[in-house]
Structures are given as structure tokens and as C-alpha cells.
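Given next are the chains, with one letter for each unit.
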Amino acid sequence: MSKERGKINNRGSVLVMLIIVIAIVFAMGTSLLNIVFINYNIKKFNTETKQAFYLSENGLNESYIAARNLIEEAVEDSVHKVRLYLIEYPANEEEAENIFNSNYTQFLTANIKTRINRCGNPSVEVRNSGSLIFISDILVVPLRSEAVLNEAEKIAWVELNIGVPEYEDVIDGEYDVKNYIEFGNWGSKK
Amino acid sequence: MRKLINRKGVTLMEIIVTLGIIGIIVIPLLNFFVLCGRILNIGRNEYEAVQTAQHYMEEIKAMDVIDSEIYSYDPESYTYERIVLQRQGKYGAEIKIVPDIHSVLHRIEIKVIDEGEIVNSLTGSVIFE
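Sequence order sets the numbering: in each chain, residues are counted from 1 along the sequence as written. Numbering of ligands from 1 and lettering of chains from A proceed in the order in which they are written. Only residues with pLDDT of at least 70 are given local features in this predicted model, and only at 80 or more are side-chain atom pairs given and counted; all residues enter the totals for whole chains, interfaces and linings. Calculated side-chain values reflect all of the structure's heavy atoms, with hydrogen atoms and water omitted.

**Observations regarding the overall build of chain A**
- Strands here are runs of E lasting at least two residues and helices are runs of H or I lasting at least four, both read from the DSSP assignment and numbered beginning at the N terminus. If you tally the helices and strands in chain A, you get three helices and five strands.
- From first element to last, N terminus to C terminus, chain A shows the α and β order α-α-β-β-β-β-α-β.
- With C-alpha atoms as the basis for the radius of gyration, the globule rule is written as 2.2 Å multiplied by the number of residues raised to the power 0.38. Computed over the C-alpha atoms, the radius of gyration of chain A is 34 Å, more than 25% above the 16 Å expected from 2.2 N^0.38 for a compact globule of 190 residues.
- Residue burial in chain A is summarised as follows: out of 190 residues, 42% are buried.
- Split by element, the accessible area of chain A, about 11000 Å² in all, is 53% carbon and sulfur. Burial status follows relative accessibility: with a 1.4 Å probe on protein chains alone, a residue under 20% of its type maximum counts as buried, one over 50% as exposed, and anything between as partly exposed. Residue exposure ignores everything except the shown protein chains as possible cover, and the areas themselves are Shrake-Rupley values with a 1.4 Å probe.

**Observations regarding the sheet that holds strand β5 (residues 117-127) of chain B**
All names here are of chain B.
- Pairs of strands are assigned from DSSP output, requiring at least two bridges between the strands. Judged by pairing direction, the sheet is antiparallel, and its five strands sit side by side in the order β1-β2-β3-β4-β5 without closing on themselves. The outermost strands of the open sheet, each flanked by one partner alone, are β1 (72-74) and β5. Taken pair by pair, the neighbouring strands of this sheet meet at an average axis angle of 20 degrees, ignoring direction.
- Where strand β4 (residues 105-114) and β5 come together, 10 bridges link them in antiparallel fashion. All axes are obtained by fitting lines to C-alpha atoms, using only the stretch in contact for helices, and the reported angles, taken between N-to-C directions, cover 0 to 180 degrees.

**Let's talk about unusual backbone geometry**
Residues and elements named next belong to chain A.
- With an omega dihedral of 5 degrees, the bond running from Asn121 to Pro122 counts as a cis peptide bond.
- Of note, Ser136 is a non-glycine position whose phi angle comes to about 50 degrees, a positive value.
- Inspection of the secondary structure assignment puts Ser136 in the loop between β2 (134-135) and β3 (138-149).
- By relative accessible area, Ser136 is classed as exposed at 68%.
- Phi is positive for Asn150, close to 55 degrees, though the residue is something other than glycine.

**Thoughts on the interface of chain B and chain A**
- On the side of chain A, 37 residues touch chain B, which itself brings 44 residues to the contact.
- Carbon and sulfur atoms supply 68% of the area that chain B and chain A bury against each other, a total of about 3600 Å² over both sides.
- Just to be clear on terms, a salt bridge is a Lys or Arg side-chain nitrogen sitting within 4 Å of an Asp or Glu carboxyl oxygen. For the pair chain B and chain A, the interface holds four salt bridges.
- Residue Lys44 of chain A is joined to Glu46 of chain B by a salt bridge in which the shortest nitrogen-to-oxygen separation is 3.7 Å.
- At the level of elements, α1 (12-61), β4 and β5 of chain B are the ones that each hand at least two residues to the side of chain B that touches chain A.
- The biggest single contributor to the side of chain B that touches chain A is α1 of chain B, with 24 residues.
- When residues are grouped by polarity, Ala, Val, Leu, Ile, Met, Phe, Trp, Tyr, Cys and Pro land in nonpolar, Asp, Glu, Lys and Arg in charged, and all others, Gly among them, in polar. Within the side of chain B that touches chain A, the residues separate by chemical class into 23 nonpolar, 12 polar and nine charged. Any two residues whose heavy atoms approach within 4.5 Å at even a single point are treated as in contact. When two components associate, each loses some accessible surface as probed by a 1.4 Å sphere; the sum of these losses over both components is called the buried area.

**Quick notes on the packing of aromatic side chains**
All names here are of chain A.
- Aromatic pairs are defined between Phe, Tyr and Trp rings, using the six-membered ring for Trp, whenever the two ring centres lie within 6.5 Å; interplanar angles under 30 degrees are classed as stacked, those over 60 as edge-to-face, and all others as tilted. Within the structure shown, the criterion is met by nine aromatic pairs over all chains.
- Between the aromatic rings of Tyr85 and Tyr89, the centroid separation amounts to 5.0 Å while the plane-to-plane angle is 40 degrees, which identifies the pairing as tilted.
- Classification of Tyr89 as partly exposed rests on a relative accessible area of 43%.
- Judged by centre distance (6.2 Å) and plane angle (10 degrees), the ring pair of Phe100 and Tyr104 falls under stacked. Here Tyr104 and Phe100 lie together in helix α2 (residues 93-116), a separation of four residues that amounts to about one turn. For the pair formed by Phe100 and Tyr104, the shared burial category is buried.
- Among the aromatic residues, those joined into a ring-pair cluster are Phe100, Tyr104, Phe134 and Tyr167.

**Side note on α2 of chain A**
Residues and elements named next belong to chain A.
- Working rule for helices: expected span equals 1.5 Å times residues minus one. For α2, built from 24 residues, the straight-helix expectation of 34 Å at 1.5 Å per residue is met to within 8% by its first-to-last C-alpha distance of 34 Å.
- Consider a residue and the seven residues that end there alongside the seven that start there; fitting an axis to each set, the bend is the angle between those axes. Along α2, the largest kink reaches about 30 degrees and is centred on Ala110.
- Along α2, the residues that are buried comprise Ala96, Ile99, Phe100, Asn103, Tyr104, Thr105, Phe107, Leu108, Ile112 and Ile116.
- The inward-facing, buried residues of α2 contact α1 (13-88), β1 (123-126), β2, β3, β4 (152-163) and α3 (167-172).

Below, the structure is given as C-alpha cells:
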């Protein structure tokens, strides 16, 4: 305080300025550090999102393989049933074809969910909560695969379109499973 | 009229003390900025490494069949392998395509290498008939 009443001096003003400068530098440093940390977290999250995406896609690919194996089992089982029928009724070829088709479709619709649905990371499930049915000899199986990596979560979905092979093609050995299954309507989201 | 404001300015001693305090307090604060630079660099490397991995992953997924000129088959481990050497400003990579014995599924493993160390990795799968 000044000894002379009413007179203002500048003693201590440098300290005030110094405190202000230090406060500004400190504020700039902390805010910059904060921004940089956010930037790094975004980059890290981007990495995890990409890893989760390919993981969820892997789940769909594995489901494709599971469905393909199921088709082969369905064909094998149907052929076996047709053979048993033909032993009893060798002349009724037309009915044998019907038996093949109905057994094949029933086998697939009964087992597809249990084969595809799986827990873990990625978790895969058939999205249709009701029963799956063949429409115009095509079974559409909507799949959803979810993968989680730390904070990143990625969901990918796809439709598996499964067809019905001709009984004659199966008997003649012209049937190839890859012609009766395909992916359609791919999609993904965070 | 009486002078209300002292315009004598600051003394040399005040300036020296001020510079001393600034030196003690602000210089450690400057480490903040150095740290910021380092973190930015780590983030940039992270991004570039995952971009590199994604590039190779999409390259494989876009192939109809495994390109045997690029991916050499190792009969001992039953895998297709490719090693991309590190170049100026670019990461190296170790890529493996492992065919599943029982199906058409092929597992893909991509490791991004920087100066001999794995800095990022990506795994996925692809179906080759």
C-alpha cells in the first residue's frame, strides 16, 4: 500500500502480470493436452472399430459355411429317405422327388437356427424370430453378427439365400452346393 | 494537481526475479507441449498402421482366387504368406492366409510392422471357392 493516501503505485504489478501469463500458458497447455488425448482416443477407436468390423464379418462367413454344411446334410438325408421310399415303391419316381423336396426344406428350416445361432465374440443369430419358410423354393435367412472390442461395437448383417436342388441333379452328380447358397443385402453399423 | 499514478516502471531486479519465476514455472509447463506432440505422433502412427492393414485386407477380399504370384504357399504350415518390406515412410507387413481344411473359408492375419515391431494387426476371413 502506498504511504501517500490516494496515490496508486505499480509495486507488485509485475507479479500480477506474471501470474496472468502463467495462467494463460497453463490453460493453453491443459486444453491442448485434452484435445490431443481426444484425438488419440478417436484414432484408437477407429482401429478397434475396424477390427470389430472384420470380426463381425468373419462371423457371417462362418455362418455361411455352417449353412453350406447343413445343405449338404439335408441333401444326404433326403436322398437316403428317397432311397428307402423307392425300395418300397420303385415305380413312383414322381413321388420320390416330392419326398426329396419336402424332406430337404423341412430339414433346413428345422435346423438352420440351431446351427447358425452362437454366442461369443462375434455372436451370430438369425434375426427372424418366427419360423423360417421357403417361398418360391428360396429360403431367406437374415443374419446378424455382433462383435465387441473394448469400447467399439460393430454389427454386420446379411441375408443368406438358400435354394432347393433338383432331385435329378443330385442323383446325376451335377449338384454343387455353392450354386444353392448366396449372400445378399450386406450391411453394417456401429 | 496531485499525481495519482506512479510511472516509474519496473526495476531491473523485478525483471530478473520475473524471468527466474517464469523459468522455474513455465519451462516444466512446456513439457506439456512436447507431450502433446508425442501423443499426436502416436495417434498418427496408429491411424496409418490400421489403414495399411485395411488396405491389404481389402486387397485379399477383392481377389477371386489367391494370387500365387504375390502370396507364396508354404506346404509345411499350409498357409499362403506375403512379407511386405518396410520402405521410407511406409510400414512393412506380414500377411498370412490360412485355408480351413474342412471348408472354403480362409482366415486372414495381417500384422503391420514398424522397425521389426508389430504395431497393429487385423484378422478376418474370406471365402474362396
